[in-house]
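# Secondary and tertiary structure notes
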Amino acid sequence: CQSLNSKTPLTVCVSGAAGQIAYSLLPLIARGDVFGRDQLIELRLLEIKPALDALHGVVMELRDCSFPLLTAIVETDDPMVAFQHADVTILAGSFPRRPGMERRDLIARNVSIFKAQGHALDSVASKNVKVVVVGNPSNTNALVLSHFAPTIPKQNITALTRLDQNRAVGQVALRTGVRVDQVDGVAIWGNHSASQYPDVTRATVNGEPALPKLGGRQVVAEDFIPCIQKRGAAVLKARGFSSAMSAANAIGDHLKSWILGDSKIVSMAVASDGSYDVKRGVYFSFPVRCVGGGDYEIVQGIEMDEFSRKYVSATTEELFAERIEALELCAA
Ligand code: NAD
Ligand code: LMR
């Protein structure tokens, strides 16, 4: 369990620390928006060598913010230094998809990164470290990391699907004309990819079923679900860069729920345990209940109709296909 103690700095490591997401995320963490307004923070920032100058600029800015909670900042290109005694690790550094790259090529480039980082995490991080993998393909990168970090409990490694949940809640609110805090019960199942299943079958708007207000199942299938599945690509096309502000905000939400607890059910990609017929072996987004202190449980007993099952099995299949490719590369 992650017991926060405001007098002892929480050691937070961020990889890809000179990147776009980190630029929005670091001030949230250092200001106390994620772990609490009285929680001291030590930041350990990891980058690749060519980005160390840019990282130094980010560190200068962090110092210029004079955040009272920030006790120390380490900048490095060595995961063994970055992950030293880490309590929380956010892995945003990964190899981006380039035009013409197949999924296997992307997985291959990232296997080598997450293999090295898994070894380092296993060697030098706190055994209780809480990890959120953000760099894509995030669910499978989490799997590779866990494979090479055997002494870190699998349930301490997660991948980010809170952005997908926030997107889905935002769209339900927009489409039904309410505020986001009037929407409840939205869940994300599966992979952080276009195969994910943004599930509104049990969602409510002001306590009433959302599905009819969204136009019913057919409209949801033809319009709402693809909108969420392709939202990342749409932002990338419009901005020329992938989502960064909303990703950083979602990382903050994910960690806040996980570490501090949350009365609402939230979506996180976690090690599958056989729930909902998703066999062990992949990191899969489920609705989870965060009970505080860094513990969570996958919500059980959700009745799934044929409509939902079809989507859940498609995203499960994709994750197991990625798993086969990744494990072959891990063994090579
Ligand atoms: P970015 O390109 O701006 O930054 C990535 C940074 O990672 C770069 O500075 C790069 O130098 C660094 N990096 C690369 N390899 C590294 C390594 N081995 N160790 C440490 N750092 C390394 O990208 P971004 O916008 O910050 O996005 C980061 C990742 O997050 C991308 O993979 C993106 O696709 C993904 N993403 C995921 C979600 C999600 O919801 N899971 C949402 C948005 C973006
Ligand atoms: C997102 O969902 O915004 C990102 O995962 C998209 C991407 O490919 O970086």
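As a further point, take the site of ligand 1. Of all residues adjacent to ligand 1, which total 24 residues, the nearest are Q20, E47, S94, V134 and N136. A distance of 2.9 Å separates an oxygen atom of ligand 1 from a polar backbone atom of Q20. A distance of 2.8 Å is found between an oxygen atom of ligand 1 and a side-chain nitrogen or oxygen belonging to N136. Coverage of ligand 1 by the protein chains reaches 82% of its 860 Å² of free accessible surface. Listed by contribution, the elements that provide at least two residues to the shell around ligand 1 are α1 (20-31) and α4 (103-124). Here the shell around ligand 1 is composed, by residue class, of 11 nonpolar, 12 polar and 1 charged.

A few words now on the packing of α4 against helix α11 (residues 306-331). For any two helices packed against each other, the geometry is given by the interaxial angle and the distance between the axes. Packing of α4 against α11 brings their axes to within 10 Å, and their N-to-C directions diverge by 50°. Accordingly, the angle class assigned to the pair α4 and α11 is oblique. Helix-helix and strand crossings are classified by hand; for α4 and α11 the assignment is right-handed. Contacts between α4 and α11 pair R103, R104, I107, A108 and V111 from the former with E318, A321, E322, E325, A326, E328, L329 and C330 from the latter. Grouping the amino acids of the contact of α4 with α11 by side-chain chemistry returns 7 nonpolar, no polar and 6 charged.

Before going further, it helps to spend a moment on the pattern of salt bridges. Per the stated rule, a full pass over the model turns up 13 salt bridges. Across the pair K264 and D184 runs a salt bridge whose closest N-O atoms are separated by 3.9 Å. Taken as a pair, K264 in the loop between α10 (245-260) and β12 (266-271) and D184 in strand β7 (residues 183-184) lie far apart in primary sequence, 80 residues in all. One connected set of salt bridges, linked through shared partners, spans R31, D33 and R37.

Attention now moves to the pairing of strand β14 (residues 295-298). With burial as the criterion, only one face of β14 is covered, namely that bearing Y296 and I298; the residues D295 and E297 on the opposite face remain uncovered. The pairing of strand β13 (residues 283-292) with β14 spans 4 bridges and is classified as antiparallel. Each bridged residue has a counterpart across the sheet, and for V288 the counterpart in β14 is I298. A loop of 2 residues connects β13 with β14, the two strands running antiparallel in sequence, and G293 in this loop sits at a positive phi of about 65°.

Take the site of ligand 2 next. Around ligand 2 sit N136, R167, H192, G232, S242 and S243, and those are all the residues in its vicinity. For ligand 2, an oxygen atom lies 2.7 Å from a polar atom in the side chain of R167. In this structure, an oxygen atom belonging to ligand 2 sits 2.7 Å away from a side-chain N or O atom of H192. Taken together, the residues that form the shell around ligand 2 break down as no nonpolar, 5 polar and 1 charged.

Turning next to the packing of α4 against helix α5 (residues 138-147). Two elements in contact, α4 and α5, have axes separated by 7 Å at closest approach and are oriented at 45°. In terms of axis orientation, α4 runs oblique to α5. Crossing hand, α4 versus α5: right-handed. Each of N110, V111, F114, K115, Q117, G118 and L121 in α4 lies in contact with α5, whose residues at this interface are N141, V144 and L145. Taken together, the residues of the contact of α4 with α5 sort by class into 5 nonpolar, 4 polar and 1 charged.

Below, the discussion takes up the nonpolar core. Buried together is how nonpolar side chains tend to be arranged in soluble globular proteins. V12, I29, F35, L43, L45, I90 and W189 are the most contacted members of the largest nonpolar core, which has 78 residues in total. Of the residues forming this core, the biggest block, 7 residues, is contributed by α10. With sequence-adjacent residues up to four places away left out, L45 is seen in contact with V14, A17, L26, L55, V59, L62, I73, V74, E75 and T76. Residues C13, F114, A149 and A269 belong to the second largest nonpolar core, which totals 30 residues.

What counts, and where the lines are drawn
- Residues numbered from 1 in each chain as written.
- Chains lettered and ligands numbered in written order.
- Predicted model: local features only at pLDDT ≥ 70, side-chain atom pairs only at ≥ 80, totals over all residues.
- Heavy atoms only, no water.
- Near = heavy atom within 4 Å.
- Polar contact = N/O pair within 3.5 Å; in protein donor to acceptor, adjacent residues only side chain to side chain.
- Areas by Shrake-Rupley, 256 points an atom, 1.4 Å probe, with all protein chains shown as cover.
- Helix = DSSP H or I, 4+ residues; strand = E, 2+ residues; numbered from the N terminus.
- Nonpolar A, V, L, I, M, F, W, Y, C, P; charged D, E, K, R; others polar.
- Axes fitted to C-alpha atoms, helices over the stretch in contact; angles between N-to-C directions.
- Parallel < 35°, antiparallel > 145°, perpendicular 65-115°, else oblique.
- Left-handed = near helix turned anticlockwise from the far one by under 90°.
- Contact = heavy atoms within 4.5 Å.
- Salt bridge = Lys/Arg side-chain N within 4 Å of Asp/Glu carboxyl O.
- Buried < 20%, exposed > 50% of the residue type's maximum accessible area, 1.4 Å probe, protein only.
- Pairing = 2+ DSSP bridges.
- Core = buried A, V, L, I, M, F, W, Y, C linked by side-chain atoms within 4.5 Å.

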